[in-house]
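The residues making up each chain are set out below.
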Amino acid sequence: MLRLLGFFDDFGYSSELAAGPLGAQVQASGEPDEAEIVEYLDVGHHLTYFMEAGVDVVTGEVHRHTSGCSSLVTDGMWVWRADFAHYLEAYHVPLPAGFVARVRGLRHQMPDLVGADFAPVFDEIVLGFGWTQVDPWDAELVLRPQPRAVLPRGEFVARGRQERPAGPRGKAPRKPRRGKERGF
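No experiment lies behind these values; they were computed from the predicted model shown.

> Describe unusual backbone geometry, with residues and values.
The phi angle of most residues is negative, glycine excepted, and most peptide bonds adopt the trans form. The phi angle at R107 is positive, at roughly 55°, despite the residue not being glycine. Assignment of secondary structure puts R107 in the loop between α3 (97-105) and β5 (113-114). The exposure class assigned to R107 is exposed, which follows from its relative accessible area of 69%. A positive phi is found at H108, a non-glycine position, where the angle reads about 65°. Using a relative accessible area of 22% as the deciding quantity, one classes H108 as partly exposed.

> I'd like to hear about the side chain of R81, residue by residue, with values.
Tracing the backbone through its elements, the reader meets R81 in strand β4 (residues 78-81). Overall, R81 belongs to the buried group, its relative accessible area being 5%. In this structure the side chain of R81 is engaged in a polar contact, spanning 2.9 Å, whose partner is the side chain of D83. Other than its neighbours up to four places away in sequence, R81 contacts L5, G6, F7, F11, Y13, C69, S70 and S71.

Analysis parameters
- Residues numbered from 1 in each chain as written.
- Predicted model: local features only at pLDDT ≥ 70, side-chain atom pairs only at ≥ 80, totals over all residues.
- Heavy atoms only, no water.
- Helix = DSSP H or I, 4+ residues; strand = E, 2+ residues; numbered from the N terminus.
- Buried < 20%, exposed > 50% of the residue type's maximum accessible area, 1.4 Å probe, protein only.
- Polar contact = N/O pair within 3.5 Å; in protein donor to acceptor, adjacent residues only side chain to side chain.
- Contact = heavy atoms within 4.5 Å.

And the structure:
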């Protein structure tokens, strides 16, 4: 059984993969250990790397997972988009009980991805996403979790505030075009 997190209709996934519209799942608060769960998501093992930039589908704003946002990440059992951590901490979307139990059982520590154990899960992912001509997962491969690759949300927001130019609505004042002052 393919276990997916955060594949909302808003991202254009088929109805078999999508979890419904994001807006319908926004909550006022999340799990009591949401910050630790977000960090767990941030250090997951990347299955794919897509070189694109996306924005928050609700606000249209850049967020800390903008770069490569639809890359796929796993813990060996569950699969999510690289930007799912953003939607969890910003909108407190509900999490499946099985996922929360797994993360808490692992004490919020990303496990190694052991090739022999992950190969059947990878086969399900390949089928679920309809990928063709994909090499089988290397059963000898063992991936260790890497340090967090993105800034924590608070640090990302603070840096964004520091980098904004002065002016109305956070934009730098425009200079008049050449010729305008001459009446052209």
